[in-house]
Amino acid sequence: MKTPDIRFPEGVMARFGDTPDQVASELAEAVAGFLRNRLTEAPRASLVVSGGSTPLPFFEALSREVLDWGRVDVVLADERWVAEDDSASNARLVKSSLLKNKASKARFLSLKQEAETPREGLESVKSELAELPLPLDVLVLGMGNDGHTASLFPDAPELPVAMDPECQDIVAAMTPPSQPQKRITLTFPPLRDARFTALHLRGDDKLDTLRQALSDPDDVMAMPIRGFLKPGLQVFWSP
Ligand SMILES: O=C(O)[C@H](O)[C@@H](O)[C@H](O)[C@H](O)COP(=O)(O)O
């Protein structure tokens, strides 16, 4: 495959694969390797993943990796505020495609709570995440073509608070008009500080969006993904 024409900042590593399955397997191996290593140093490890359509083959491949999953906490980077039986639920996606096979032993910490809205549910989500050690260990982000990542949407009125590098809250309720559901998201600081961060993308449209993000890296509010395009990031892309 011809390597895509895109220039990343110093320290950002890119892996371009021929097929989604090849990239998904490479990402699963990299994530599993980091988790195994982390578990030699700490009693537990955290794995933060994103929803959407891109991660599916990655989740399937990761679910088959051999590691001490009983000591891994799986958390979503964001969630749509819908019941778990709703097809839009990221928890439903993760439970059906990742938390099975070897990974069935992992502990899942849910961002979706009983409250009617994410704002009303924030305190119970914070309680659910209270025992999650920071910094996060592994973070796998996706990206929308508006430059959002997790549920850090450019059109969300709450974005200035959630993207604030000094934000004191680990989670935020988001109400982006562009989205059919209210959202809850991890905020910028815990996502920024993850020990291992991968950006998992598929399709030429996502490369074009990334080029646009790279063209004006400081305007984070216009394209929140810009806050993550820094040394240490590993980009995994396939056509
Ligand atoms: O809940 C979500 O939808 C995700 O967390 C979101 O940030 C996703 O990663 C991007 O929207 C890309 O989604 P696709 O992989 O479907 O393009």
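The rules behind each value
- Residues numbered from 1 in each chain as written.
- Predicted model: local features only at pLDDT ≥ 70, side-chain atom pairs only at ≥ 80, totals over all residues.
- Heavy atoms only, no water.
- Near = heavy atom within 4 Å.
- Polar contact = N/O pair within 3.5 Å; in protein donor to acceptor, adjacent residues only side chain to side chain.
- Areas by Shrake-Rupley, 256 points an atom, 1.4 Å probe, with all protein chains shown as cover.
- 1 Å grid on protein atoms, 1.4 Å probe; cavity = no way out; pocket = protein on both sides within 12 Å on 5 of 7 lines; lining within 4 Å.
- Sits in = over half its atoms within 2 Å of the grid points.
- Nonpolar A, V, L, I, M, F, W, Y, C, P; charged D, E, K, R; others polar.
- UniProt positions renumbered as here; feature names shortened; annotations may be inferred.
- Helix = DSSP H or I, 4+ residues; strand = E, 2+ residues; numbered from the N terminus.
- Points joined across faces, edges and corners; volume = space filled by probe spheres on them.
- Buried < 20%, exposed > 50% of the residue type's maximum accessible area, 1.4 Å probe, protein only.
- pLDDT = per-residue confidence, 0-100.
- Pairing = 2+ DSSP bridges.
- Axes fitted to C-alpha atoms, helices over the stretch in contact; angles between N-to-C directions.
- Contact = heavy atoms within 4.5 Å.

Engineer: If you had to explain the site of the ligand to someone new, which residues and values would you point to?
Structural biologist: Close contacts around the ligand come from 16 residues, with T54, D78, R80, A150 and K206 the closest. In the environment of the ligand, an oxygen atom lies 2.5 Å from a nitrogen or oxygen atom belonging to the side chain of D78. When the ligand sits alone it has 410 Å² of accessible area, and the protein chains cover 87% of it. Placement of the ligand is best described as lying within the largest pocket. Here the residues of the shell around the ligand sort into 2 nonpolar, 10 polar and 4 charged.

Engineer: Residue-level account of the UniProt feature "domain: Glucosamine/galactosamine-6-phosphate isomerase" (unreviewed entry) in the protein, with values.
Structural biologist: As recorded in UniProt, the feature "domain: Glucosamine/galactosamine-6-phosphate isomerase" (unreviewed entry) lies at residues 19-237. With 31% helix and 18% strand, residues 19-237 has its two end C-alpha atoms placed 9 Å apart.

Engineer: Describe the layout of surface pockets, with residues and values.
Structural biologist: Quantified by volume, the largest pocket comes out at close to 300 Å³. Lining the largest pocket are 20 residues, with G51, G52, G142, M143 and H148 sitting closest to its centre. Of the residues assigned to the lining of the largest pocket, the class counts are 4 nonpolar, 12 polar and 4 charged.

Engineer: Explain unusual backbone geometry residue by residue, including any values.
Structural biologist: Between L134 and P135 the backbone carries a cis peptide bond, its omega angle lying at 0°. You can see P135 is positioned in the loop between α4 (118-128) and β6 (138-141). Phi is positive for N101, which is not a glycine, with a value near 55°. Along the polypeptide, N101 turns up in the loop between α3 (90-97) and β5 (107-109). Given the relative accessible area of 46%, N101 is considered partly exposed. Of note in this structure, A150 is not a glycine but carries a positive phi near 50°.

Engineer: Explain the confidence of the model for the protein to me, using residue names and the numbers behind them.
Structural biologist: For the protein, mean pLDDT is 97; residues scoring 70 or higher make up 100% of the total. Under the prediction, the complex receives an ipTM of 0.97, its pTM being 0.98.

Engineer: Can you break down the sheet that holds β5 residue by residue, with the values?
Structural biologist: Strand order in the open sheet made by the 7 strands is β1-β10-β9-β6-β2-β3-β5, with parallel pairing throughout. Two strands lie at the open edges of the sheet, namely β1 (13-16) and β5, each paired on one side alone. Sheet twist, expressed as the average angle between the axes of neighbouring strands with direction ignored, equals 20°. Taken together, the 5 bridges between strand β9 (residues 196-202) and strand β10 (residues 234-238) define a ladder with parallel strand orientation. In the strand pairing of β10, L199 is matched with V235. Each of β2 (45-49), β3 (72-76) and β5 touches α3; the most contacted strand, β3, lies at about 145° to it.

Engineer: Give a description of the environment of R15 that names residues and reports values.
Structural biologist: Considering the arrangement of structural elements, one finds R15 in strand β1. For the pair formed by R15 and P180, sequence separation is 165 residues and the distance between their alpha carbons is 33 Å. Ignoring sequence-local partners within four residues, the contact set of R15 consists of E26, A30, Q234, V235, F236 and W237. Polar contacts involving the side chain of R15 include one to the side chain of Q234, which spans 3.4 Å.

Engineer: Could you give an account of the environment of L76, with specific residues and numbers?
Structural biologist: Assignment of secondary structure puts L76 in strand β3. For the pair formed by L76 and G51, sequence separation is 25 residues and the distance between their alpha carbons is 7.4 Å. If near-sequence neighbours (up to four positions away) are discounted, L76 is found in contact with V48, V49, S50, G51, N90, A91, V94, F108, L111 and L186.

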